[in-house]
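Coordinates in review
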Amino acid sequence: MKSFSLPILVVSPLLIAVNARPNIRATLDIQDGQTGKLMVFPPQQTDTGTKRMLIIRSLHLGPTTCADHAVPAMNTLANHGYISRNGITNFAEIIRGTGEAFNIDPVMASGMAAQNLLTRGNPFVDKISIGGVSPFVPPLPGKIDGPETQGLAKHGRVEGDGSMTRSDVHIGDNRDFNQTLWDMDLEQLAMFGDDGPDGPGTVFNLQTLIELKRHNYESDQILDPEFAIPIRRLNGAYAAPALILRRVLVFANGTTKQATKRIISSFFMNQTFPENWFRAAAPVLPGSPIAAEIAAGLPQWFPGHNDENGVFVADPQPPAPFNISSGCANYWDTLVNAVPGSLAHVTGIFKQNVDLLNGILFNASGCSEPLAPAGPTNV
Ligand code: HEM
Ligand SMILES: *[C@@H]1O[C@H](CO)[C@@H](O)[C@H](O)[C@H]1NC(C)=O
Ligand SMILES: *[C@@H]1O[C@H](CO)[C@@H](O)[C@H](O)[C@H]1NC(C)=O
Ligand SMILES: *[C@@H]1O[C@H](CO)[C@@H](O)[C@H](O)[C@H]1NC(C)=O
Ligand SMILES: *[C@@H]1O[C@H](CO)[C@@H](O)[C@H](O)[C@H]1NC(C)=O
Ligand SMILES: *[C@@H]1O[C@H](CO)[C@@H](O)[C@H](O)[C@H]1NC(C)=O
């Protein structure tokens with residue numbers, strides 16, 4: 001199957017070449033009144049060392065936000081102006097913004113952008129809301145995924161249960177920071193964390209993250225009758241805490257490599273860079289061992305969900321050959337259960353963008369064969 005072709009001129013009655021310059025093939029593709037935008041990688045960063053992130057871009061001066069922000073890193077980027085302050089962003093901006101602010105390598109950033117744009121964005125116009133529904137992100141052309149494009153905060157495809165700082169959607173607010181949950185996380189830090197400049201039990205380490213996730217799952221499994229952690233969610237739920245810790249170095253101070261209580265609290269509670277915080281000293285690449293180490297520390301939690309009696313039961317295994325690794329299983333679950341199946345039948349720039357994003361996920365998956373989107377629509 002050859003589904004990942006490079007952007008080429010697609011023959012479509014709606015697609016008219018408007019620019020004859022040799023290397024830039026700008027085309028106009030209008031579908032359902034929307035103008036398609038071909039996704040391209042931004043220029044590679046030249047400066048990839050550590051640097052002190054000054055709060056040079058003053059906060060809250062941009063247009064009023066049109067989306068309730070839902071996730072800590074993206075909120076921080078929007079608050080500091082590394083992505084649009086109104087919380088509406090796009091493929092290149094996510095790669096450029098996470099690169100500039102957190103030194104995330106484009107390979108890793110494009111993977112995060114791809115999963116989220118395919119599931120909760122409009123990949124024809126190349127827009128996604130980092131919160132809820134926004135008037136600036138139209139529904140998919142032909143409304144092939146329902147009447148609205150939902151945004152990152154919408155539960156079910158990527159956003160899921162057992163988060164560190166947000167409640168499960170069925171029992172509380174799954175968007176906003178929850179101080180009670182964070183206080184419970186900090187209890188685990190006090191018990192298992194390393195000593196540091198903020199005092200004893202204030203530096204995040206592997207054991208803290210394991211105990212913290214254990215506590216998140218144990219309490220949500222009991223409190224939330226519809227508790228569910230499918231493969232893609234379990235991967236995401238371990239990747240997220242892995243991002244805050246040392247060795248992955250995203251939220252940790254780039255010079256000391258420490259993720260302290262003060263630093264992580266600033267990202268979660270204030271959604272801003274902590275004062276005098278340095279970004280990672282070298283580009284952050286995918287493939288951190290920490291997510292797998294957290295998973296290994298919690299063998300009793302596997303992909304599954306509560307049944308009607310509130311008993312936690314395993315989800316079906318992915319079929320061969322998608323069961324060769326957790327990375328490949330994650331790709332299978334994302335394409336089959338989370339990316340709307342209607343994206344398999346799009347044309348023009350829409351198809352080129354979907355193929356690019358799917359190709360990014362496939363390349364990162366370790367799978368031997370790609371999949372077409374086949375998930376439910378309008379959910
Ligand atoms: C720059 C690096 C990033 C870091 C350090 C980061 C960090 C985090 C953390 C720590 C959480 C967990 C929150 C919790 O459990 O309470 C989270 C959740 C989430 N992030 Fe990110 N993130 C990054 C980039 C991105 C990008 C680029 C996107 C999408 C474009 C994204 C989308 C999400 C979503 C949808 C969730 C919600 C998942 C859930 O807990 O239900 N993140 N992120
Ligand atoms: C915050 O979390 C606590 C503990 O799970 C819960 O009781 C409370 O309802 C949550 N608040 C919101 C607004 O979801
Ligand atoms: C949040 O910001 C306020 C105001 O700048 C500051 O006083 C407070 O210490 C910050 N909290 C954290 C956890 O960084
Ligand atoms: C980061 O480390 C530097 C030392 O290299 C230190 O001066 C600074 O205060 C630290 N920042 C935070 C937020 O802990
Ligand atoms: C994948 O599934 C096939 C068919 O059910 C099975 O024979 C094989 O052992 C599985 N492979 C792994 C690595 O689990
Ligand atoms: C996937 O990997 C192949 C082989 O390395 C490469 O040619 C292709 O450009 C990659 N696709 C994407 C979308 O990154």
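Owing to the predicted nature of the structure, the values given are computational and were not obtained by experimental measurement. The residue count restarts for each chain, going from 1 along the sequence in the order it is written. To read the labels, note that chains go from A and ligands from 1, taken in the order they are written. Reporting in this predicted model follows two pLDDT cut-offs: at least 70 for local features of residues, and 80 or more for side-chain atom pairs to be given and counted; totals over whole chains, interfaces and linings ignore these cut-offs and use all residues.

**Concerning the packing of helix H4 (residues 179-192) against helix H5 (residues 206-223)**
The contact between H4 and H5 brings their axes to 9 Å, and the two run at 145°. Crossing of H4 over H5 shows right-handed handedness. Residues Met 184, Asp 185, Gln 188, Leu 189 and Phe 192 of H4 form the contact with H5, whose own contacting residues are Gln 207, Thr 208, Glu 211, Leu 212 and His 215. For helices, the fitted axis covers only the stretch in contact; all axes are lines through C-alpha atoms, and the angles between them, taken along N-to-C directions, range from 0 to 180 degrees. Secondary structure counts use DSSP, requiring at least four H or I residues in a row for a helix and at least two E residues in a row for a strand, with both numbered from the N terminus. Should the near helix be turned anticlockwise from the far one by less than a right angle, the crossing is termed left-handed; should it be turned clockwise, right-handed. The contact rule is simple: place each C-beta atom from the backbone, and if two of them lie within 7 Å, those residues are in contact.

**Some thoughts on the sheet that holds strand S10 (residues 312-314)**
Within a sheet, each strand pairs with its neighbour through backbone hydrogen bonds, oriented either parallel or antiparallel. Pairing in this open sheet of 3 strands is antiparallel, and the strands run S8-S9-S10 from one edge to the other. The open sheet has two edge strands with one neighbour each: strand S8 (228-229) and S10. Here, any two strands with at least 2 DSSP bridges between them count as paired.

**With respect to unusual backbone geometry**
Ala 320 connects to Pro 321 through a cis peptide bond whose omega is 0°. Note on placement: Pro 321 falls in the loop between S10 and helix H9 (326-338). Positive phi, close to 60°, is recorded for Lys 257, a residue that is not glycine. Secondary-structure assignment places Lys 257 in the loop between helix H6 (231-244) and helix H7 (261-270).

**Focus on the environment of Asp 198**
Its place among the elements puts Asp 198 in the loop between strand S6 (194-196) and strand S7 (199-203). In this structure Asp 198 comes out as partly exposed when scored by C-beta crowding, with 15 C-beta atoms within 10 Å. Sequence separation between Asp 198 and Lys 261 is 63 residues, and the spatial gap between their C-alpha atoms is 7.3 Å. The residues touching Asp 198, leaving out its near neighbours within four places in the chain, are Thr 260, Lys 261 and Arg 262. Any residue surrounded by 20 or more other C-beta atoms within 10 Å of its C-beta is treated as buried, while 12 or fewer makes it exposed and the intermediate range makes it partly exposed; C-beta atoms here are placed from the backbone.

**Brief notes about the pairing of S7**
Relative to S7, S6 runs antiparallel, the two sharing 2 bridges. The residue bridging Gly 196 from the neighbouring strand is Gly 199, located in S7. Connecting the antiparallel pair S6 and S7 is a turn made up of 2 residues.

**Quick word on the pairing of strand S2 (residues 27-31)**
Strand direction decides the pairing type here: S2 and strand S3 (residues 34-35), joined by 2 bridges, are antiparallel. Paired with Gln 31 across the strands is Gln 34, a residue of S3. The loop that links S2 with its antiparallel partner S3 comprises 2 residues; one of these, Asp 32, has a positive phi angle of about 55°.

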